[in-house]
Amino acid sequence: MFQYLYLYYDDDKFQIGTGNDPSDIQSVITTIHGLIDYSYYDVYVDTDEMWIAVIGGNASARIEMDVEIISVDLSNLLQCRTSGISFTTNDLCDGVFKCPDFADEAQCSHPSTFLLENENHTITFPDIYEQMYNASFLKTNSANGFRVKFLAIYLECYAHEYGYTNYCDDANIQIGTGNDTTNSQSIVKTVRAYTSYEDDVYVGSNEMWITVVGFLRYRPYTFYGRVEIEVTPISLSSMSLCSNSDKLLLQGEICDGTYQCDDYWDEKSCSK
Ligand SMILES: [Ca+2]
Ligand SMILES: [Ca+2]
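Residues numbered from 1 in each chain as written. Chains lettered and ligands numbered in written order. Predicted model: local features only at pLDDT ≥ 70, side-chain atom pairs only at ≥ 80, totals over all residues.

Asker: Is there a simple way to think about the sheet that holds strand S2 (residues 13-18) in this case?
Answerer: Two pairing modes exist for strands in a sheet, parallel and antiparallel, and in both the strands are linked by backbone hydrogen bonds. As summarised here, the arrangement of the three strands in space is S3-S2-S4, forming an open sheet in which the pairing is antiparallel. In this open sheet, the two edge strands, each paired with only one partner strand, are strand S3 (28-33) and strand S4 (50-55). In this sheet, adjacent strand axes meet at a mean angle of 10° when their direction is disregarded. Across five bridges, the pairing between S2 and S3 is antiparallel. When the sheet's bridge partners are listed, Gly17 is paired in S3 with Val28. (Pairing = 2+ DSSP bridges. Helix = DSSP H or I, 4+ residues; strand = E, 2+ residues; numbered from the N terminus. Axes fitted to C-alpha atoms, helices over the stretch in contact; angles between N-to-C directions.)

This is how it looks when you write it as C-alpha cells:
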C-alpha cells in the first residue's frame, strides 16, 4: 500500500518482485517510474517471499516514500473488471474504491430512499476524500420524474510540487435512471471536477441514482470537496418548456418574479 511515493526524475524507480533476487527480470511484478503525477493502486504479490528495490536514476535522484507491506491470504483475491488490479474481500462495499471501474463498490446493495411528489430530499457530502465512492438511490411512486438541483458543487484537486501543478479532475458526480450505476446507458448527467455551477437536471423515470466519486490517489495534493444536491420527485408532464431551450419549468416557476428561461419567457407575459 502506497501511503506516499515521490520519484522526482523519470529514471528514479520503485520496483516490486517475487522471490529474493531483484536481478531476476522475470520476477518483477511492478515498476513505477518518476515524475510525480501518478496515482498508485495497491499491489498484490502472490508468493510468500518478495523484494522491493528503490533505484535512484542519477546523482541528484529524489525519492521519498512511505510504503506499507501487509501479509495477506490471497486465496480470496478478486479482480477489477477492466484492469489487472486486484482487491480483497475486505475492500468490498466499504465506500472506498480500489478499482478504477468501481467493481468493488458498484455492485453493493444500497437501500433506496422513497420520496413523495414535491418532497425535497437533500444529499450532502461535506467532505469528499480520495477514492471515495458513494451511491444514493431514490424512488418515487407518486411522480414520473425527478428534479435534481445542485445546491453546492466544489470539487477541486491540485497537486503542487517543485513548480508543477497537476489537476486531478477525476472526481465527479453522476446521475442516472434506474438502479444500476454500472449501466452506462442509464447516465443522464456527469458533472466533473472544477465545475462550480450546473443547471437543474430532470430525470424522466421514477427510479434514479446519484454517485459521488472522489479522486484517485495523488500525492502530494490539495483537495477540496463538497457537494450538496437536492432531489425532488415531480410530474414532468405538468412542466413547460422555455421557448428558446429545452429547459423545463415547474408550473410555479411561471410568473414567480424570477426568470428561469434565458429569454425571460417565463416572466415576460405575466399580468402585473
Ligand atoms: Ca472498496
Ligand atoms: Ca420564473
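Asker: Any chance you could explain the domain arrangement of the protein chain here in plain terms?
Answerer: A common way to state how big an interface is: give the accessible area lost once the parts meet. Taken domain by domain, the protein chain consists of domain 1 (2-71) and domain 2 (109-238). Computed from C-alpha atoms alone, the centre-to-centre distance between domain 1 and domain 2 is 35 Å. (Domains from an automatic or database assignment.)

Asker: Explanation requested: the confidence of the model for the protein chain in the structure shown.
Answerer: Predicted coordinates in areas of low pLDDT are best not read in detail. Averaged over every residue, the pLDDT of the protein chain is 86; residues scoring 70 or more account for 93%. Element-level mean pLDDT values for the protein chain span from 68 in strand S12 (residues 164-167) up to 96 in strand S10 (residues 133-140). (pLDDT = per-residue confidence, 0-100.)

Asker: Honestly, the sheet that holds S10 in this entry has me stumped. Any pointers?
Answerer: On the basis of which strands lie adjacent, the open sheet formed by five strands has the order S8-S10-S16-S13-S14 and mixed pairing. Two strands in the sheet have a free side with no partner beyond their single neighbour: strand S8 (112-115) and strand S14 (187-192). Each neighbouring strand pair of the sheet contributes to a mean axis angle of 20°, computed without reference to strand direction. Direction of pairing for strand S13 (residues 172-177) relative to strand S16 (residues 207-213): antiparallel, over a ladder of six bridges. Note that in S16 the partner of Gly176 across the bridge is Trp209.

Asker: Teacher, can you tell me more about the nonpolar core here?
Answerer: As a rule of thumb, soluble globular proteins bury nonpolar side chains together. Grouped together as the largest cluster of nonpolar side chains are 35 residues, with contacts concentrated most on Phe146, Val148, Ala171, Val212 and Val227. Mapped onto this core, the elements with two or more residues apiece are S10, strand S11 (145-161), S13, strand S15 (201-203), S16 and strand S17 (222-234). Top contributing element to this core by residue count: S11, with six residues. Every residue in contact with Val212, bar those within four places of it in the chain, is listed here: Phe125, Ile128, Asn134, Ile173 and Val227. (Core = buried A, V, L, I, M, F, W, Y, C linked by C-beta atoms within 7 Å. Buried ≥ 20, exposed ≤ 12 C-beta atoms within 10 Å, placed from the backbone. Contact = placed C-beta atoms within 7 Å.)

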